[in-house]
Amino acid sequence: MKTTVLDTDYGHISRLADQAADGAYLFAEHTVAAGRATPFRSHPRDHRSFVVIAGRVRLEGAIGSRTYGRLDGWHALPGCVHRIMGVGPEPAVLIEAGSVLGETREMTEPEGATGCRCPDVSDYTVHKPWGGEVWYTHNLPGVPYALKRIRMTEGHQSSLQSHRQKLETNYVIEGEATVLTGATAPDDLSAVIDLGKLTTTVHRPRTGWTNPPGELHRVIARTDYTSIEVSTPELDDVIRWQDDAGRGNGRIDSEHAGGRS
């Protein structure tokens with residue numbers, strides 16, 4: 001993943017979605033200095049989701065304010081006016097993901113703006129043989145992107161998988177993972193995959209990768225590992241070519257038991 005960094009009055013923005021994901025979704029990392037704030041912003045046509053990965057921030061809007069810490073977050077609904085202020089002694093770091101249907105509006109004050117309260121991200125949890133996922137956008141039905149947190153325990157690995165439609169970008173926030181990528185899935189679903197033909201890379205915090213539709217990929221946890229993933233919304237679009245737990249393709253209903261919302 002090659003990132004583009006833009007310096008700002010409050011810190012900087014790193015653009016995380018690489019060329020393969022251009023136009024599909026926004027994925028960015030913001031660093032907000034303590035005591036500094038972004039401009040007030042709104043997205044008239046777009047949903048945006050924010051998750052704090054370090055430090056603390058205060059979300060301020062036309063209606064009230066709230067403070068968020070690590071792995072907490074919120075959704076900015078279309079038209080909601082909001083800004084983000086760094087609080088605490090250290091710079092705050094947060095992820096922004098969302099749709100890219102229209103423009104972003106900036107203002108110095110929210111006067112005259114339509115007020116709305118930004119809802120918290122979902123805590124909907126999916127249990128996996130190797131760890132689990134929190135589907136942050138589960139409470140935003142119908143949006144053209146999905147945001148989740150993935151947690152994998154050391155020594156475990158995901159299935160060797162591909163997607164027919166889903167495009168996804170992962171960004172490591174904790175731990176280390178070996179990632180296998182670089183080959184196109186065959187048309188024959190009974191084909192045997194030669195893992196030796198895949199490319200192996202190691203990803204550490206603040207690095208990531210994108211898997212386009214049809215690409216074979218697997219994640220292996222070198223340590224306990226956490227990433228934030230943004231993707232197109234086809235979350236049940238999974239073909240499992242190899243799987244340590246013997247799971248089939250698509251959604252596994254038992255993994256969603258007690259997921260909440």
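Refer to the structure presented above.
Computed from a predicted model, the values in this text were never measured in an experiment.

(A) View of unusual backbone geometry. Of note in the backbone geometry, Leu-71 takes a positive phi value of approximately 70° without being a glycine. Structurally, the position occupied by Leu-71 is in the loop between β7 (65-68) and β8 (73-76). Owing to a relative accessible area of 21%, Leu-71 belongs among the partly exposed residues under this scheme. A positive phi is found at Arg-206, a non-glycine position, where the angle reads about 70°. Along the chain, Arg-206 turns up in the loop between β18 (199-203) and β19 (208-211). Residue class for Arg-206 comes out partly exposed when judged on its relative accessible area of 43%.

(B) Structural detail: empty space enclosed by the protein. Inspection of the entire model under this criterion finds two cavities of 30 Å³ or more. Here the largest cavity defines a volume of roughly 350 Å³. Surrounding the largest cavity, 30 residues form its lining, Trp-130, Glu-133, Lys-148, Gln-161 and Lys-166 being those nearest its centre. Among the secondary structure elements, those contributing two or more residues to the lining of the largest cavity are β13 (131-135), β14 (146-152), β16 (168-174), β19, β20 (215-221) and β21 (225-231). Ranked by residues supplied to the lining of the largest cavity, first place goes to β14 with three residues. Of the residues contributing to the lining of the largest cavity, the split by class is 10 nonpolar, nine polar and 11 charged. By volume, the second largest cavity is sized at about 40 Å³. His-30, Thr-38, Pro-39, Arg-41, Phe-50, His-82, Arg-83, Ile-84 and Glu-96 are the residues that line the second largest cavity. Per-element accounting of the lining of the second largest cavity gives the leading share, three residues, to strand β9 (residues 82-87). Among the residues making up the lining of the second largest cavity, the classes are represented as three nonpolar, three polar and three charged.

(C) Examining the pairing of β13 more closely. With four of its five residues buried, β13 lies for the most part within the structure. Of the pairings in the sheet, the one linking strand β12 (residues 124-128) to β13 comprises five bridges and is antiparallel in character. Bridging from a neighbouring strand, Lys-128 pairs with Gly-131 of β13. The antiparallel pairing of β12 with β13 creates a hairpin that spans two residues between the two strands. Across five bridges, the pairing between β13 and β14 is antiparallel. If you follow Gly-131 over to β14, its bridge partner there is Met-152.

The rules we used
Residues numbered from 1 in each chain as written. Predicted model: local features only at pLDDT ≥ 70, side-chain atom pairs only at ≥ 80, totals over all residues. Heavy atoms only, no water. Helix = DSSP H or I, 4+ residues; strand = E, 2+ residues; numbered from the N terminus. Buried < 20%, exposed > 50% of the residue type's maximum accessible area, 1.4 Å probe, protein only. 1 Å grid on protein atoms, 1.4 Å probe; cavity = no way out; pocket = protein on both sides within 12 Å on 5 of 7 lines; lining within 4 Å. Points joined across faces, edges and corners; volume = space filled by probe spheres on them. Nonpolar A, V, L, I, M, F, W, Y, C, P; charged D, E, K, R; others polar. Pairing = 2+ DSSP bridges.

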